[in-house]
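Architecture at a glance
Here is how the chains run, residue by residue.
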Amino acid sequence: VQLVVRRLQSQFFRRCALCVTVLGLVLGAVCFFFPAQIISVFSPNPAVITAGALYTGTLSWLYILAFWGEVIQSFFRGIGKLKITMIASMGQIVLRVVLSAMWIPRWGVQGICAAVVAGWGALVVIEGALCLHRARKLE
């Protein structure tokens, strides 16, 4: 019974990973090609649209990292390892704040974008490696 459950979990994880990859690519493409139109839904102010479009267009491909991060964190939540997700989430937030403080003076809004990508990228790489290690132990 345990073997069947683990196989189903593995299949579910793979399907989730595929779904978030496709969703991330589609959402990323929409945000990359239509950032001003998206922001104009929220504000008619040209300055807001310009700044928001820069931010949205720059971060458009971040969604795939964020979605993968959530899938990986769901794996750990599912096996009851909540401390790992808490530490990783806090670590990436701290990294984003520190990098934003360093990069905003140099790059403005794009410094924030780079910091957000760096935070999610670090979470995906570190937790992804832990996830693969743990998943192998479960098989």
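Here the structure is shown first, and the text comes after it.
Residues numbered from 1 in each chain as written. Predicted model: local features only at pLDDT ≥ 70, side-chain atom pairs only at ≥ 80, totals over all residues. Heavy atoms only, no water.

1. A word on the pattern of salt bridges
Applying the stated criterion to the full structure yields one salt bridge. Across the pair Arg 77 and Glu 70 runs a salt bridge, and its minimum N-O distance is 3.8 Å. The partly exposed category is assigned to Glu 70, whose relative accessible area is 35%. (Salt bridge = Lys/Arg side-chain N within 4 Å of Asp/Glu carboxyl O. Buried < 20%, exposed > 50% of the residue type's maximum accessible area, 1.4 Å probe, protein only.)

2. Quick notes on the packing of helix H4 (residues 62-78) against helix H5 (residues 82-107)
Two elements in contact, H4 and H5, have axes separated by 7 Å at closest approach and are oriented at 145°. Here Gln 73, Phe 76 and Arg 77 of H4 lie close against H5, whose contacting residues are Leu 82, Ile 84, Thr 85, Ala 88 and Ser 89. In the contact of H4 with H5, the residues fall into four nonpolar, three polar and one charged. (Axes fitted to C-alpha atoms, helices over the stretch in contact; angles between N-to-C directions. Helix = DSSP H or I, 4+ residues; strand = E, 2+ residues; numbered from the N terminus. Contact = heavy atoms within 4.5 Å. Nonpolar A, V, L, I, M, F, W, Y, C, P; charged D, E, K, R; others polar.)

3. Overview of the side chain of Gln 92
Tracing the chain through its elements places Gln 92 in helix H5. For Gln 92, a relative accessible area of 7% translates into the label buried. Excluding residues that lie within four positions of it along the chain, Gln 92 makes contacts with Gly 119, Trp 120 and Leu 123.

4. Side note on H5
With 26 residues, H5 should cover 38 Å at 1.5 Å per step; its first-to-last C-alpha distance of 35 Å lies within 8% of that length. Positioned one or two residues after H5, Gly 108 has a phi angle of 65°, which is positive. (Expected span 1.5 Å × (residues − 1).)

5. Overview of the packing of aromatic side chains
This structure, assessed with the given rule, holds five aromatic pairs. Centroid distance Phe 32 to Phe 33: 5.1 Å. Interplanar angle 85°. Geometry classified as edge-to-face. The class of Phe 33 is exposed, set by a relative accessible area of 56%. With a centroid separation of 5.2 Å and 40° between ring planes, the pair formed by Trp 103 and Trp 107 is classed as tilted. Linking Trp 103 with Trp 107, this pair stays in helix H5, spanning four residues, or about one helical turn. On the basis of relative accessible area, Trp 103 is assigned to the buried category, the value being 16%. The exposure class assigned to Trp 107 is partly exposed, which follows from its relative accessible area of 45%. (Phe/Tyr/Trp six-rings, centres within 6.5 Å; stacked < 30°, edge-to-face > 60°.)

6. Observations regarding the nonpolar core
Residues Phe 76 and Trp 120 are the most contacted members of the largest nonpolar core, which totals 14 residues. Elements supplying a minimum of two residues to this core: H4, H5 and helix H6 (109-138). The dominant element in this core, judged by the number of residues it contributes, is H6, at six residues. Ignoring any residue separated from it by four or fewer positions in sequence, one finds Trp 120 in contact with Leu 62, Leu 65, Ala 66, Gly 69, Glu 70, Gln 92 and Arg 96. (Core = buried A, V, L, I, M, F, W, Y, C linked by side-chain atoms within 4.5 Å.)

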